[in-house]
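Chain by chain, the residues:
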Amino acid sequence: MRENLAESRSIARLLHPRTVAVVGASREPGSIGHEIFRRLLASEFTGSVYPVNAAATHVASVYAYRDLRDVPVEIDLVVVAVPAPRVAEVMRACAEKGVRGVIVVAAGFADGGDEGRARLADVIRIARDGGMRLIGPNAMGVINTVPTVRLHATFAVGDPPPGRVGLFTQSGALAGTFLTDASRRALGISTFVSIGDRSDVSCNDLLRYWRSDPRTGVVMLHLQSLGNPRRFARIARELSRHKPVVALKSGREAAHSDIGALFSSAGVIRVDTLSQLFDTTQLLACQPLPAGRRVGIVGTSSALAALAADACRTYGLDVPALSASTCAGLATLVGHRYATNPVDLGPLADPDRFDAALRAVATSGDVDAIITLVTPHAQVDRLASSVRAVAVESGLPLLASFLGQDGIPAQLAVRDGSGTPGPGSVPSYASPESAALALSRAADHAAWRARDQGSVPVLAGIDLDRARAEAERYPKDGAWLPDAAVATLLAGVGLRAWPSRRVGDQAEALAAAEAFGWPVALKIADERFRSRLDVGAVQLGVDDAAGLTQAWQAIRAAVGPGDMLVQPMAPAGVSTVVRLRQDPIVGPLLSLRLGGVVADLLVDPLSRTLPLTDRDAAELIQEIRGSVLLLGGSGAPAADTDALADLLHRVARLGEELPAIAEILLDPVLVGRRGVVLLHAGIRLLPPETEPRTLPRTLPRALAAGG
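The text that follows walks through the structure, step by step, so that each part is easy to find. Positions within a chain are numbered from 1, following the residues in the order the chain's sequence is written. Given that the model is predicted, a residue must reach a pLDDT of at least 70 before its local features are reported, and side-chain atom pairs must reach 80 or more before they are shown or counted; all residues, however, enter totals for whole chains, interfaces and linings. The side-chain quantities take in all heavy atoms of the structure and omit both hydrogens and water.

**Let's talk about the overall build of the protein**
Now for step 1: When helices and strands are tallied, the protein shows 23 helices and 28 strands.
Now for step 2: When the backbone C-alpha atoms are referred to their principal axes, the protein occupies close to 95 × 80 × 40 Å.
Now for step 3: Burial classification: accessible surface area is computed with a 1.4 Å probe over protein chains only, and a residue below 20% of its type maximum counts as buried, one above 50% as exposed, and the rest as partly exposed. For the protein, with 707 residues in total, the buried portion stands at 55%.
Now for step 4: Here the accessible surface of atoms and residues is derived via Shrake-Rupley with a 1.4 Å probe, and residues count as covered only by protein chains that are part of the display. Surface accessibility of the protein: about 28900 Å² in total, with carbon and sulfur atoms responsible for 52%.
Now for step 5: A gap of 4 Å separates the mean positions of the 73 positive and 73 negative side-chain charges of the protein. Strands here are runs of E lasting at least two residues and helices are runs of H or I lasting at least four, both read from the DSSP assignment and numbered beginning at the N terminus. Charge convention: Lys and Arg are scored as positive, Asp and Glu as negative, and His as well as the terminal groups of each chain are ignored. Charged groups are reduced to one reference atom each: NZ for lysine, CZ for arginine, CG for aspartic acid, CD for glutamic acid.

**Side note on the packing of helix α3 (residues 84–97) against helix α4 (residues 113–129)**
Now for step 1: Axis definition: a line fitted to C-alpha atoms, limited for helices to the stretch in contact. Angles are taken between N-to-C directions and run from 0 to 180 degrees. Where α3 contacts α4, the axes come no closer than 9 Å and their chain directions differ by 15 degrees. Between α3 and α4, the angle is such that the two are roughly parallel. The hand of the α3/α4 crossing is left-handed. On α4, the residues that touch A84, P85, V87, A88, M91 and R92 of α3 are R119, D122, V123, I126 and A127.
Now for step 2: Looking at side-chain class alone, the contact of α3 with α4 contains eight nonpolar, no polar and three charged residues. Angles are sorted into four bins: roughly parallel if under 35 degrees, roughly antiparallel if over 145, roughly perpendicular if 65 to 115, and oblique for all others. Left-handed describes a crossing whose near helix is turned anticlockwise from the far helix by less than a right angle; the clockwise case is right-handed. Only heavy atoms matter for contacts: two residues are in contact if any of them lie within 4.5 Å across the pair. Polar here means any residue outside two lists: the nonpolar Ala, Val, Leu, Ile, Met, Phe, Trp, Tyr, Cys and Pro, and the charged Asp, Glu, Lys and Arg; Gly therefore counts as polar.

**Considering the pattern of salt bridges**
Now for step 1: The salt bridge criterion pairs a side-chain nitrogen of Lys or Arg with a carboxyl oxygen of Asp or Glu, the two atoms within 4 Å. This structure, assessed with the given rule, holds 40 salt bridges.
Now for step 2: E96 serves as the salt-bridge partner of R69, at 3.1 Å between the closest nitrogen and oxygen. On the criterion of sequence distance, the pair formed by R69 in the loop between β4 (62–63) and β5 (77–80) and E96 in helix α3 is long-range, its members being 27 residues apart.
Now for step 3: For E96, a relative accessible area of 58% translates into the label exposed.
Now for step 4: D368 is the salt-bridge partner of R294, the closest N and O atoms lying 3.0 Å from each other. Taken together, the residues R294 in the loop between α9 (274–286) and β15 (295–299) and D368 in the loop between α12 (351–362) and β17 (369–374) connect sequence positions 74 residues apart.

**Description of the packing of aromatic side chains**
Now for step 1: Within 6.5 Å between ring centres, the rings of Phe, Tyr and Trp (the latter by its six-membered ring) count as paired, and their orientation is classed by plane angle as stacked under 30 degrees, edge-to-face over 60, tilted in between. For the coordinates displayed, the defined rule picks out four aromatic pairs.
Now for step 2: With centroids separated by 6.0 Å and ring planes inclined at 35 degrees, the aromatic side chains of F178 and F278 adopt a geometry described as tilted. Residue F178 is located in helix α5 (residues 172–184), and its partner F278 is located in helix α9; the two are separated by 100 residues in the primary sequence. For the pair F178 and F278, a shared accessibility class is recorded, and that class is buried.
Now for step 3: One aromatic cluster is present, built from ring pairs that chain together Y50, Y63 and Y65.
Now for step 4: Two limits define a charge over a ring: the Lys NZ or Arg CZ must be within 6 Å of the ring centre, and within 35 degrees of the ring normal. The ring of W480 carries the charged tip of R684 above its face, separated from the ring centre by 5.2 Å.

**Some points on the sheet that holds strand β11 (residues 189–194)**
Now for step 1: Pairing within the open sheet is mixed, and its seven strands lie in the order β9-β8-β11-β10-β12-β13-β14. The open sheet has two edge strands, β9 (151–154) and β14 (269–271), and neither has a second partner. The sheet shows a mean angle of 20 degrees between the axes of neighbouring strands, taken without regard to direction.
Now for step 2: Here, any two strands with at least 2 DSSP bridges between them count as paired. Across four bridges, strand β8 (residues 141–144) lies against β9 in antiparallel orientation. Residue N144 lies in a different strand from β9, and its bridge partner there is L151.
Now for step 3: Each of β10 (162–169), β11 and β12 (218–223) touches helix α6 (residues 203–212); the most contacted strand, β12, lies at about 175 degrees to it.

**A few points about the sheet that holds strand β7 (residues 133–135)**
Now for step 1: Spatial ordering of the open sheet is given by β2-β1-β5-β6-β7, a layout of five strands whose pairing is parallel. Looking at which strands have only one partner, the edges of the open sheet turn out to be β2 (48–52) and β7. When strand polarity is set aside, the average angle formed by the axes of neighbouring strands in this sheet is 20 degrees.

What follows is the structure, given as structure tokens:
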């Protein structure tokens, strides 16, 4: 907890500096150093700004220092705008000066080949040794619109108004697009950070800062990679309970199916395009979350109303019939007895009737949100006034397609203390379809918040000291561990595989069977065929020596030579497969599916990210295809799903506590009427260079102490 608080404070210092120096501030308009310095001045930064330029005495009529160390005051934030080969030199000067925060805008590091990566390692080492937080390299900079700061330390074009949105992007090139579009749409931001190469300060750090920032109500993310997905999942899940997080994932990883599992478990609202990112964020920034999925549609165009209704149904929203009393009141306003949802008042709608219809739908109790459609009209300002008033008074989320505009039109804005559109403003969309899509995502998020998130259960019989020691004894090369090592690791979380003995000939098989006691199962050891009853690789119910000989010969004829496994016969149960694997993009994933050859071919496993809550485990069991075999029904008795859930939690705990584990494969797990039987288990370890980071970064002592 202290480490988390220290990280949040260190980010706060970056975004709330009292003094800023721009090293590389140039007198040449259009150069990066000049533009950053000029924007700091133009934004009316409330602190002091110092240009540093070894070849000039003044920049923009402000006295310039030849060296950062010559600046006669303490510097909170330094923006480094010099070429990549000179950055390390400036970083050393920052360390000597006692600077706490640095932004490096130069490229040529992570994207600069071996030489660039060596530069980056040097810069990171200097920053950490000097107790500095570092944004970049290859960053566009930061903005903080709070009136007590007014920091605009970027060279991107675009000046969005102050507001409630915390905006993060990894791409420096897209930063200008984000700021320009936010400005065009009148989408107010609290803070903006372009992170670049993410060498120190990360998205996770910003999420934790925004969690505690009272000015930020919505978080908007553009992600190219996730860094530490375990930390992202934990922090985002906590933040999303209080503030919506909207994310656009780009790059080759964007199509990765498990990105959806990570985002949905953390309550992150995933979008597919830049337009959707802004569309969804502007709704969440201005309007409340809907209590349900029922949508009322009121407008001045029957064609747009039909499009809106179709889009709502496409995106899982309901366009319900209104109550008889509401319809009767609307019939008087519309002028015919067929008035219902959608409500069309026609292109020449009387403003008073439009207002009355909008209020009738809003107060009907039949809808959870309203989409209003306003086409060009002689008295459009009066229509806008009604939309704005009903949005404020009704308490329902209200969206508009207002004259085909997107953003917050001036006529639909509710101005806050700074004069910019604030809560209660009505977002407008260029089309009814984009409005319906944004509303559906808001409804999904509201449902996620409303549901019981569950908790991670406390498990008895956990003792992982021996398991950790055992894992250290084996090379981390991705190979399957010996059975004895697997048994020790599983024992650390209170799991035990069914007894099994590997044999090389019939004599060894007979000795094993007699030691276990008849009847036994005989199967090929090769994991490709170990569960393949259908091809004869498994022989069950072998009850004497003669039967063992026949079973041995049958397996040899079916799959050829190889070691065999002898096991005592297990009690009957539903065959399932439990797998935990380290995904290189989203981190550890736990999956469950039915076992057997048909399930292998037809059923994709359901996955959940860690930590695994009791609700997650229950959903895994209830939602897999063929779950009726576990839950009971259609003549099938119920299996012991509580025992299966307990096993899932124990596997998740092992994966969390031993991050070096690449994969845990339990295939099959037989779920009986009482208890589960783990017939086979395999565990692999990650190579050291791919082991995920699971612990928070260790901050320099001065930062951790809050100094």
